[in-house]
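Chain and residue survey
These are the residues of each chain, in order.
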Amino acid sequence: ENIQKDATVISNGTVIRPAEIGMLAGIGVTDVAVIRKPKVVILTSGDELVDIDQPITPGKIRDTNSYTIASLITLAGGLPIRLPIANDTMDSIRQLYADAIALKPDMIISSAGVSVGTADLVKVVMAELGNIGFWRINLRPGKPLAYGTIQDIPFFGLPGNPVSAMITFEVFV
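In what follows, the accompanying structure is described. Everything quoted here is computed from the prediction, not taken from an experiment.

1. Quick notes on the sheet that holds strand β4 (residues 79-82)
Ordered in space as β4-β1-β5-β8-β7-β6, the six strands form an open sheet in which the pairing is mixed. The open sheet has two edge strands, β4 and β6 (130-135), and neither has a second partner. When the angles between neighbouring strand axes are averaged without regard to direction, this sheet yields 25 degrees. Two elements, β6 and strand β7 (residues 146-150), share five bridges in a ladder whose sense is antiparallel. In the sheet register, Phe-134 faces β7, and the bridge partner there is Tyr-147. Along the sheet, helix α2 (residues 65-75) makes contact with β1 (39-44), β4, β5 (107-111) and β8 (153-158), crossing β4 at roughly 160 degrees. Contacts between helix α3 (residues 90-102) and the sheet are confined to β1, β5, β7 and β8, with β1 contributing the most and set at about 170 degrees to the helix.

2. Here's the deal with the nonpolar core
If you look at the biggest cluster of nonpolar residues, it comprises 18 residues, and the most contacted ones within it are Leu-43, Tyr-97, Ile-108 and Phe-155. When residues of this core are traced back to their parent elements, those giving at least two are β1, α3, α4 (122-129), β7 and β8. Leaving out residues up to four positions away in the same chain, Tyr-97 has contacts with Leu-43, Ser-110, Val-122, Val-125, Leu-129, Ile-150 and Phe-155. Core analysis: the second largest hydrophobic core is formed by 13 residues, Ala-70, Phe-156, Ala-165 and Phe-169 among them.

3. A closer look at the layout of surface pockets
Its volume calculated, the largest pocket comes out at about 500 Å³. Taken together, 16 residues make up the lining of the largest pocket; nearest its centre are Gly-13, Thr-14, Ile-16, Val-34 and Ile-35. By residue class, the composition of the lining of the largest pocket is nine nonpolar, five polar and two charged.

4. Focus on the packing of aromatic side chains
Following the criterion strictly, the structure yields two aromatic pairs and no others. Consider the rings of Tyr-97 and Phe-155, whose centres lie 5.8 Å apart with planes at 45 degrees: the pair is tilted. With Tyr-97 in helix α3 and Phe-155 in strand β8, this pair connects stretches of sequence that are 58 residues apart. The same class applies to Tyr-97 and to Phe-155, which are both buried.

About the thresholds
- Residues numbered from 1 in each chain as written.
- Predicted model: local features only at pLDDT ≥ 70, side-chain atom pairs only at ≥ 80, totals over all residues.
- Heavy atoms only, no water.
- Pairing = 2+ DSSP bridges.
- Helix = DSSP H or I, 4+ residues; strand = E, 2+ residues; numbered from the N terminus.
- Axes fitted to C-alpha atoms, helices over the stretch in contact; angles between N-to-C directions.
- Contact = heavy atoms within 4.5 Å.
- Core = buried A, V, L, I, M, F, W, Y, C linked by side-chain atoms within 4.5 Å.
- Buried < 20%, exposed > 50% of the residue type's maximum accessible area, 1.4 Å probe, protein only.
- 1 Å grid on protein atoms, 1.4 Å probe; cavity = no way out; pocket = protein on both sides within 12 Å on 5 of 7 lines; lining within 4 Å.
- Points joined across faces, edges and corners; volume = space filled by probe spheres on them.
- Nonpolar A, V, L, I, M, F, W, Y, C, P; charged D, E, K, R; others polar.
- Phe/Tyr/Trp six-rings, centres within 6.5 Å; stacked < 30°, edge-to-face > 60°.

Take a look at the structure:
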C-alpha cells in the first residue's frame, strides 16, 4: 500500500541506510547488489614521527596526517587502513610498500617523502615499484604531490605539511 506497482523503490547509487533497509525489508528483498567501500591504505614515514600514544621526545612530532587522511577517506566513503610509521630508510619504506600491496587495496596514499630532501625516499620507491604519472604541482600549499600507480594500484603521495596534505586530498584524491 506504500508503493505503486512498477515504481522504483530505491535507485542505483543510493546509499543503503536504515530507512532503505526498512523499505527493502518491507517489500521482502533479502539480497541487494551493492558496491563495497574502497580500501585505502595510508602510509606515513619519517624518523621524526611518533604515533599518538607515544611520548614526544626532542626532535619528534606526532603523526597527525595519517589520522586526518583516514578521516577524510571515511567522509569520502572509503575504508581507511593505517599502517605503522616507516623510518627514513630505503629498506623500511620498501617494506611498508610491500605490506601495503599485500593488502590488495583499491588505492594507496602516503603522507610526506615526496619532496626533494635527502630523506624524501617515497618517490624513489614509487619509481622502483610502479610509475609516476606526475610529481610536483603548481599549488601552494601542496606543491610536493606525486601521483602514479604501483602494481596497477592508484597511488597519491601527499605533502607532509598537514594543511597541504588536507588541501591536496580534497582537490586531487
